[in-house]
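Results of the structural survey
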Amino acid sequence: MTMAYQGLASAAQGDTFRPYVSSSYMHDSNLLRFDDSVDPSGLTGKKGRSDTVKTLAAGIDVDWKYSRQRILISAEMNDNSYNRFDTLNYQGRDVNARWNWQFGNHLSGVIGQTFNRSLASFADIRGITGNLRDQQRTFIEADWRFHPRWQVGGGYSEYSLEYNAPVQQSGNYESDTIEANLYYLTPKGSRMGMELSKANGYYPNRIFNNASTIDNRYSQESILAIFDWRYSAKSRIRMQSGYVERTHDHLSQRDYDAINSRINYTWTPSVKTQLELSVFQQTEPRDDLVASVSENEGGNITASWAPTAKITVSGMYRTETRKNLGDPGFLLISVPQLKEENNSYRLSLNYKPHQSIDLTASYSDDRRDSSRIRSDYDAQMLNLNAMIKM
């Protein structure tokens, strides 16, 4: 879902403390992502499916360097007011704090924490149910460059997701992940290597019993090969592919393994123009009664052009096909698996009349074609945003 929230501003180079305020207006023609054949008044009690959202935000960016240490903090509070579906009104928060540390010439890393409170997408949820959620992540990473061409590293992170609405709270979960990596580095900035990770997840509000069809604990292991090639000053190719295996504590029929891959190509012919292409194939877990995993394939293209120092024009197109797989066998009858095609594009214009003023206008289109009855949708969004950095 395209929100009125525009994200955090970035401190200019050399700034150590920079507050800002912003105001935005967003019109969404189909906020709750209803199929055209569905009468929304039966679920929402209100006629119409469009809405406008007004957002007021205030935040601060901190960028402080001392010797080889660097502290980066971004914090924002925003108030979001919906015109038609006013029960969705909420106050959001976004905090990102990190310490980029370095000791000597060979040891470096990062310690940080992020927190975000915002509405989740309505693309997979029908009705006026508020899906306000809190996401928090704490992480620590360390790298040791033990040779001019070799680097070894590792990290640990904890993540939590909490929904505000009781109907969504079975999806609350916590996870912890440990990672290790080894890279070969080249003088021109290219690298290739391997990453290993192991994650453990827990859903605290799911009580497992003999009638349960979804698990409350899982473990996931993965091995990933990464190739990042800076072909020239204008071209960069990034490829990653790896094996992932997920096992569950109680329902082994929901276990799965797969190969996930992604290729990105970035071309920057000049300081004014950039083009990026990406294709991917990846899997995601599903808690559907007849599916345990979703196979997602697609790609996207983004482009930006800055004809002047004050104007930037950009665009994006993304396509994705999702197929549900891995029937756990809870039903005695065969049910066709869900297949969806998602397509979206966005056009935006950014104008900076002054280094402290940022004006943005964007138009987006989002569409889904689903094999599940009454699950298609299309939505158009217009967004206007103004930011003043102090």
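This one's a predicted model, so the numbers in the text were calculated from it and none came from an experiment.

**Thoughts on the overall build of the protein**
When its secondary structure is counted, the protein shows 1 helix and 18 strands. C-alpha extents for the protein along the principal axes are approximately 60 × 50 × 35 Å. Within the protein, the fraction of its 390 residues that count as buried is 35%. Counting only contacts in the protein whose residues sit at least 6 apart along the sequence, the fraction spanning at least 24 positions is 55%.

**Considerations on the environment of arginine 149**
Residue placement: arginine 149 occurs in the loop between strand 6 (132–147) and strand 7 (150–163). Expressed as a C-alpha distance, the spacing of arginine 149 and leucine 277, which sit 128 residues apart in the sequence, is 29 Å. Apart from residues no more than four positions distant in its own chain, arginine 149 is found in contact with Tyr183, Tyr184, Leu185, Thr186 and Pro187.

**Quick look at the pairing of strand 3 (residues 69–82)**
Judged from the 14 bridges that link them, strand 2 (residues 51–66) and strand 3 form a sheet pairing that is antiparallel. Counted as the bridge partner of threonine 55 is asparagine 80 from strand 3. Connecting strand 2 to the antiparallel partner strand 3 that follows it, the hairpin turn spans 2 residues, and serine 67 within it adopts a positive phi of roughly 55°. Summarising the sheet, strand 3 and strand 4 (residues 90–103) pair through 11 bridges and their orientation is antiparallel. Following the sheet pairing, alanine 75 is matched in strand 4 by valine 95.

**Observations regarding the nonpolar core**
General note: in soluble globular proteins, nonpolar side chains tend to be found buried as a group. Leu31, Leu32, Tyr82, Leu88 and Leu119 are the most contacted members of the largest nonpolar core, which has 15 residues in total. Grouped together as the second largest cluster of nonpolar side chains are 6 residues, Ala120, Leu161, Tyr173 and Tyr218 included.

**Here we look at the layout of surface pockets**
Computed from the structure, the second largest pocket encloses a volume of approximately 970 Å³. Taken together, the elements giving at least two residues each to the lining of the second largest pocket come down to strand 6, strand 7, strand 8 (173–185), strand 9 (191–202), strand 10 (217–229), strand 11 (235–248), strand 12 (256–270) and strand 13 (273–285). A breakdown of the residues in the lining of the second largest pocket according to their chemical character gives 14 nonpolar, 14 polar and 9 charged.

**Considering the side chain of aspartate 63**
Note on placement: aspartate 63 falls in strand 2. Judged by relative accessible area, which is 9%, aspartate 63 ranks as buried. In terms of polar contacts, aspartate 63 uses its side chain to reach the side chain of arginine 70, at 2.7 Å.

**What to know about the environment of methionine 26**
Counting through the fold element by element, methionine 26 comes out in strand 1 (residues 17–28). C-alpha of methionine 26 to C-alpha of serine 278: the two residues are 252 residues apart in sequence and 28 Å apart in space.

**Points about the pattern of salt bridges**
Applying the stated criterion across every chain, the model contains 14 salt bridges. Its salt-bridge partner being arginine 322, residue glutamate 340 comes within 2.6 Å of it at the nearest N-O pair. Here the residue glutamate 340 occupies a position in strand 16 (residues 339–354), and arginine 322 occupies one in strand 15 (residues 311–325), the gap between them amounting to 18 residues. Judged by relative accessible area, glutamate 340 falls into the buried class, the value being 5%. Here arginine 322 falls in the buried class, since its relative accessible area comes to 12%. With a shortest N-O distance of 3.6 Å, glutamate 340 and arginine 368 are connected by a salt bridge. Within this pair, whereas glutamate 340 is found in strand 16, its partner arginine 368 is found in strand 17 (residues 357–370), the two being separated by 28 residues in sequence. With respect to burial, glutamate 340 and arginine 368 carry one shared label: buried. Here the salt bridges share partners, and the residues they tie into one network are Asp28, Arg33 and Asp366.

**Some words on a nonpolar patch on the surface**
On the surface, Tyr25, Leu277, Ile301, Tyr317, Tyr345, Leu347, Tyr363, Leu382 and Leu384 cluster together into a nonpolar patch covering about 760 Å² of accessible area. Elements with a contribution of two residues or more to the nonpolar patch: strand 16 and strand 18 (377–389). Mapped onto the fold, tyrosine 317 is located in strand 15.

**Comments concerning the packing of aromatic side chains**
Enumeration according to the criterion identifies 10 aromatic pairs in this entry. Taking the centre distance of 5.2 Å and the plane angle of 65° together, the rings of tryptophan 150 and tyrosine 184 count as edge-to-face. Highlighted residues: tryptophan 150 in strand 7 and tyrosine 184 in strand 8, separated in sequence by 34 residues. Here tryptophan 150 falls in the partly exposed class, since its relative accessible area comes to 34%.

**So, unusual backbone geometry**
Leave glycine aside and you will find that most residues have negative phi; peptide bonds, for their part, are mostly trans. At arginine 33, a residue that is not glycine, the phi angle is positive and equals roughly 60°. Note that arginine 33 resides in the loop between strand 1 and helix 1 (41–44). Residue arginine 33 is classed as buried on the basis of its relative accessible area, which comes to 2%. If you check the backbone angles, arginine 374 has positive phi at about 60° while not being a glycine. One can find arginine 374 in the loop between strand 17 and strand 18. What makes arginine 374 exposed here is its relative accessible area of 53%.

Rules behind the numbers
Residues numbered from 1 in each chain as written. Predicted model: local features only at pLDDT ≥ 70, side-chain atom pairs only at ≥ 80, totals over all residues. Heavy atoms only, no water. Helix = DSSP H or I, 4+ residues; strand = E, 2+ residues; numbered from the N terminus. Buried < 20%, exposed > 50% of the residue type's maximum accessible area, 1.4 Å probe, protein only. Contact = heavy atoms within 4.5 Å. Pairing = 2+ DSSP bridges. Core = buried A, V, L, I, M, F, W, Y, C linked by side-chain atoms within 4.5 Å. 1 Å grid on protein atoms, 1.4 Å probe; cavity = no way out; pocket = protein on both sides within 12 Å on 5 of 7 lines; lining within 4 Å. Points joined across faces, edges and corners; volume = space filled by probe spheres on them. Nonpolar A, V, L, I, M, F, W, Y, C, P; charged D, E, K, R; others polar. Polar contact = N/O pair within 3.5 Å; in protein donor to acceptor, adjacent residues only side chain to side chain. Salt bridge = Lys/Arg side-chain N within 4 Å of Asp/Glu carboxyl O. Patch = residues over 30% accessible without salt bridge, like charges linked within 9 Å, V, L, I, M, F, W, Y side chains within 5 Å. Areas by Shrake-Rupley, 256 points an atom, 1.4 Å probe, with all protein chains shown as cover. Phe/Tyr/Trp six-rings, centres within 6.5 Å; stacked < 30°, edge-to-face > 60°.

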